[in-house]
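Below, each chain spelled out in residue letters.
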Amino acid sequence: MSLDLPLTRNVRPDRSPTGFAAYEANGGYRGLKAAIGKLAPAECLQIIKDSNLRGRGGAGFPTGMKWSFVPMDGASPGHKYLICNADEMEPGTFKDRLLLECDPHQLIEGMICAAYTIQADVAYIFIRAEYHKAAKLLREAIAVCYDKGYLGSAILGSGYNLEMQVHSSAGRYICGEETALISSLEGKRANPRAKPPFPQVSGLWGRPTIVNNVETLCNIHHIIERGADWFQSLGLTEDAGTKLYGVSGRVKKPGCWELPIGTPIREIIEEYAGGMADGYQLRGFLPGGGSTDFLTPEHLDLAMDYGTIGKAGSRMGTGTMIILDDRTCPVGFVKNLMEFFARESCGFCTPCRDGLPWSAQVLDDIEHGRGRPEDMDTLARQVTFIGAIGNTHCALAPGAMEPLQSALKYFREDFERHISGGACPFRDGGAR
Amino acid sequence: MSDRNSSATIPLLDDTETTLSAAEIAGIDAEIAHAPYRSAVAIDALKIVQAHRGWVSDESLRAIARHLHMSAAELDGIATFYNLIFRRPVGEKVILLCNSISCWIKGCEGLQQQITQQLGIGLGETTGDNRYTLLPVTCLGACDKAPVLMVGEDLHEDVDAQTLRQLFDNSGGGA
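Residues numbered from 1 in each chain as written. Chains lettered and ligands numbered in written order. Predicted model: local features only at pLDDT ≥ 70, side-chain atom pairs only at ≥ 80, totals over all residues.

1. A word on the overall build of chain A
Under the convention used in this document: The numbering of helices and of strands both runs from the N terminus, where a helix is a DSSP run of H or I of at least 4 residues and a strand a run of E of at least 2. Only C-alpha atoms enter the radius of gyration; for comparison, a globular chain is expected to reach 2.2 Å times N to the power 0.38, where N is the number of residues. The contact criterion used is a C-beta to C-beta distance within 7 Å, with each C-beta placed from the backbone.
The secondary structure content of chain A amounts to 17 helices and 8 strands. Its C-alpha atoms give chain A a radius of gyration of 22 Å, near enough to 22 Å, the size a compact globule of 432 residues would have. Sequence separation of at least 24 residues holds for 72% of the intrachain contacts in chain A that already meet a minimum separation of 6.

Here's what the structure looks like:
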């Protein structure tokens, strides 16, 4: 039985982009036509709520619930905004690039349906600066949609108007945090904002705003066209739909695949990624990008869904796993991540601005044989104080602490060997 | 990165006011047309001027600030926040070397050493012939093809020693 994989049906083996004609010939823009002028925005919202779609950017918040906080029916006269977060920068995450480069019209159709549901009149695609090819394809696809009457005034002859444009960013990981993204789109430094007020009420330029991840938005028109029950039926566990899963690191076939949500981790790593590369053993993995807690081989038979991974002490995050093999140093691994987060701190709040470089320095000392036994307590304290939600202005620093705290739990003996031996045991004669 | 006050890298201020070109103004004004107020396009304006001039000098920064009706200090606060706005001169092409986790596992440190050997530049430095500047970059979203780097707008995947030789061998960088 072949799997029903809506998001990647237009992804070609050579990853060449699917243009407008091919997209429409393969059923594209049917969701748009099913929504605009046929269904009321409230009906579309109910379908998305019923579908149990959860945000694919990492946090997993229910999309329908997020949208339900947007003031409707003239409750907030003026502009409303939909923003696509295409600022893919989470270390180890390479799924949105696939959707953007291979099937730009799918994102645009999903965005038009999402914007219609919340009655936004302006939509932005906030894309990271380095995705030149994707930005160009999206601009071309948007121009085609204006020509076809899918964007602009009176879409499909209805009373609904929507303008859409691409904003190419200028760097910085923190722009992926939705309120920081809004600050950046306003032309400011990308400092996150305090919540409340939430963006749904007061976002871009103080107006109601929804920010959704690329993969989330790519689902919308499929759900509206084919129904909430269909979407629910795609998942293998309590979560609904499909998910783009990825594996990188020392496996035989690193890659990204759309699979039913809830596919077992073992199946993803051993079948799709081909198992570990020759000469390497699996020691652990981050299930969903650089700011998720390590899991270990004992977790391989868990289902890759939000609830199951959460109960195991980590997060599904972006769904793109990073493999720690037996010849790569766990201390060096965590140090690389910590230096990344320290570099990418926006600098607004002290625990993050000063705490992350401190953690990175302690890890650097341990990695290079300068560690002291009391460093273990220092790291544990940093995890406690920097990692607690509420001690920092946004989720960047707590996210940075996730791989560290779980490395201290699962790979503690590696840290201690560095300290007692005064050197990294992986550097001499190891893979690196 | 800490020698921003050095006169060797930042030209001394002078009284000659640099102005924006007609093409730069047209590009910026097209962005302003979509925005609720002029300074909202600060980042777009910086990128437009950088696309024309390669980097954003103090003089360029003041000219942009005047055009957007904002202070140069406020605009500089924005410009220096973003790692892809260059407030110092860069080479004709910027090499963005991914050093995030998947590329680190696959050996990006070795690539960096080889680039340094071939071109004679470390991170943040520009070759003597002004062809290349080497910078680290956040995960480029191509982790299944790690290690990766970008040269200008081109992404190179599964990079190894041979790739680097092909890319940079005839560059004749060095100081």
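2. A few points about the overall build of chain B
Put simply, the test is: Neighbour counting defines burial: a residue surrounded by 20 or more other C-beta atoms within 10 Å of its own C-beta is buried, one with 12 or fewer is exposed, and intermediate counts give partly exposed, using backbone-placed C-beta atoms.
What chain B contains, in helices and strands, is 7 helices and 4 strands. Shown N-terminal to C-terminal, the secondary structure of chain B runs as helices and strands in the order α-α-α-α-β-α-α-β-β-β-α. Taking all 175 residues of chain B together, 43% fall into the buried category. Partitioning the intrachain contacts of chain B with sequence separation of at least 6 by distance along the chain shows that 63% fall at a separation of at least 24.

3. Examining the sheet that holds strand E6 (residues 255-260) of chain A
Residues and elements named next belong to chain A. Stated formally: For two strands to be treated as a pair, DSSP must find at least two bridges joining them. Geometry is summarised by axes, namely lines fitted to C-alpha atoms with helices restricted to the contacting stretch, and by angles between N-to-C directions that run from 0 to 180 degrees.
Here 4 strands make up an open sheet; going across it, the order is E6-E5-E8-E7 and the pairing mixed. The sheet is open, and its two borders are formed by E6 and strand E7 (282-286), each paired with just one other strand. Between one strand and the next, the sheet's axes are offset by a mean angle of 30 degrees, whatever the strand orientation.

4. Here we look at the domain arrangement of chain B
Note the cut-off: Throughout the structure description, domain borders are defined by an automatic or database domain assignment.
Annotation of chain B at the domain level lists domain 1 (1-88) and domain 2 (93-168). For domain 1 of chain B versus domain 2 of chain B, the separation of C-alpha centres amounts to 27 Å.

5. With respect to the sheet that holds strand E4 (residues 154-156) of chain B
Residues and elements named next belong to chain B. Read across the open sheet, the 4 strands follow the order E2-E1-E3-E4; overall the sheet is mixed. The open sheet has two edge strands, strand E2 (132-137) and E4, and neither has a second partner. Between one strand axis and the next, the sheet turns by 20 degrees as a mean value, whatever way the strands run. Where strand E1 (residues 93-98) meets E2, 6 bridges bridge the pair, whose relative direction is parallel. Bridge assignment links Ile-95 to a residue of E2, and that residue is Leu-134. Packed onto the sheet, helix H6 (residues 108-119) meets E1 and E2 and runs at close to 155 degrees relative to E1.

6. Regarding the nonpolar core
Worth spelling out the cut-off: What makes a nonpolar core is a set of buried Ala, Val, Leu, Ile, Met, Phe, Trp, Tyr and Cys residues, with links drawn between C-beta atoms within 7 Å.
Judged by nonpolar contacts, the single largest core of 183 residues is most densely connected at Ile83(A) and Met111(A). Other than its neighbours up to four places away in sequence, Met111(A) contacts Leu82(A), Cys84(A), Ala123(A), Met164(A) and Leu217(A).

7. Brief notes about the packing of helix H13 (residues 330-344) of chain A against helix H14 (residues 350-367) of chain A
All names here are of chain A. What counts is decided by this rule: The cut-offs work like this: below 35 degrees is roughly parallel, past 145 is roughly antiparallel, 65 to 115 is roughly perpendicular, and the gaps in between are oblique. If you view the pair so one helix is near and one far, a crossing is left-handed when the near helix is turned anticlockwise from the far one by less than a right angle, and right-handed when it is turned clockwise.
Remark: H13 packs on H14, axes separated minimally by 9 Å, with the N-to-C direction vectors making an angle of 155 degrees. It follows from the interaxial angle that H13 and H14 lie roughly antiparallel. Judged by the twist between their axes, the crossing of H13 over H14 is left-handed. Between H13 and H14, the contacting residues are Val-331, Gly-332, Val-334, Lys-335, Met-338, Glu-339, Phe-341 and Ala-342 on the first element and Leu-356, Pro-357, Ser-359, Ala-360, Leu-363, Asp-364, Ile-366 and Glu-367 on the second.

8. Examining the domain arrangement of chain A
Residue and element names in this part refer to chain A. Formally: The residue classification treats Ala, Val, Leu, Ile, Met, Phe, Trp, Tyr, Cys and Pro as nonpolar and Asp, Glu, Lys and Arg as charged. All others, Gly included, are polar.
Assigned domains within chain A: domain 1 (6-234), domain 2 (242-325) and domain 3 (330-421). Here the C-alpha centre of domain 3 lies 35 Å away from the C-alpha centre of domain 1. Each partner contributes to the interface: domain 1 provides 9 residues, whereas domain 3 provides 9 residues. Among the residues making up the side of domain 1 that touches domain 3, the classes are represented as 6 nonpolar, 1 polar and 2 charged.

9. Brief notes about the interface of chain A and chain B
Contacts between chain A and chain B engage 38 residues on the former and 33 residues on the latter. Elements that contribute at least two residues to the side of chain A that touches chain B include exactly strand E5 (242-248), E6 and H13 of chain A. It is H13(A) that provides the largest number of residues to the side of chain A that touches chain B, a total of 5 residues. Residues of the side of chain A that touches chain B, tallied by class, amount to 14 nonpolar, 14 polar and 10 charged.

10. Side note on helix H15 (residues 375-387) of chain A
Residues and elements named next belong to chain A. As a reminder of what qualifies: Here a helix's expected span is defined as the number of its residues, less one, multiplied by 1.5 Å. The arc in question is the one traced by the directions running from the helix axis out to the C-beta atoms.
Taking 1.5 Å of rise per residue, the 13 residues of H15 would be expected to cover 18 Å, and the 17 Å separating its terminal C-alpha atoms lies within 8% of that figure. Among the residues of H15, those classed as buried are Leu-379, Gln-382, Val-383 and Ile-386. The buried residues of H15 occupy an angular sector of 100 degrees when the element is viewed end-on, so they sit on one face. Along H15, the residues that are exposed and aim more than 90 degrees away from the buried face are Asp-377, Arg-381 and Thr-384. Of the surrounding elements, those touching the buried residues of H15 are H14 and helix H16 (396-410).

11. Some points on the environment of Tyr116(A)
Along the chain, Tyr116(A) turns up in helix H6 (residues 104-118). Leave out the neighbours within four places in its chain, and Tyr116(A) touches Ala35(A), Ile36(A), Pro41(A), Cys44(A) and Tyr160(A).

12. Some remarks on unusual backbone geometry
Here the bond from Lys195(A) into Pro196(A) is cis, since omega is 0 degrees, no more than 30 degrees from zero. Phi is positive for Arg15(A), which is not a glycine, with a value near 60 degrees. Residue position: Arg15(A) is located in the segment before helix H1 (20-25). On the basis of neighbour count, Arg15(A) is assigned to the exposed category, with 10 C-beta atoms found within 10 Å. With a phi angle near 45 degrees, Asp158(B) is a residue other than glycine that sits in the positive phi range.

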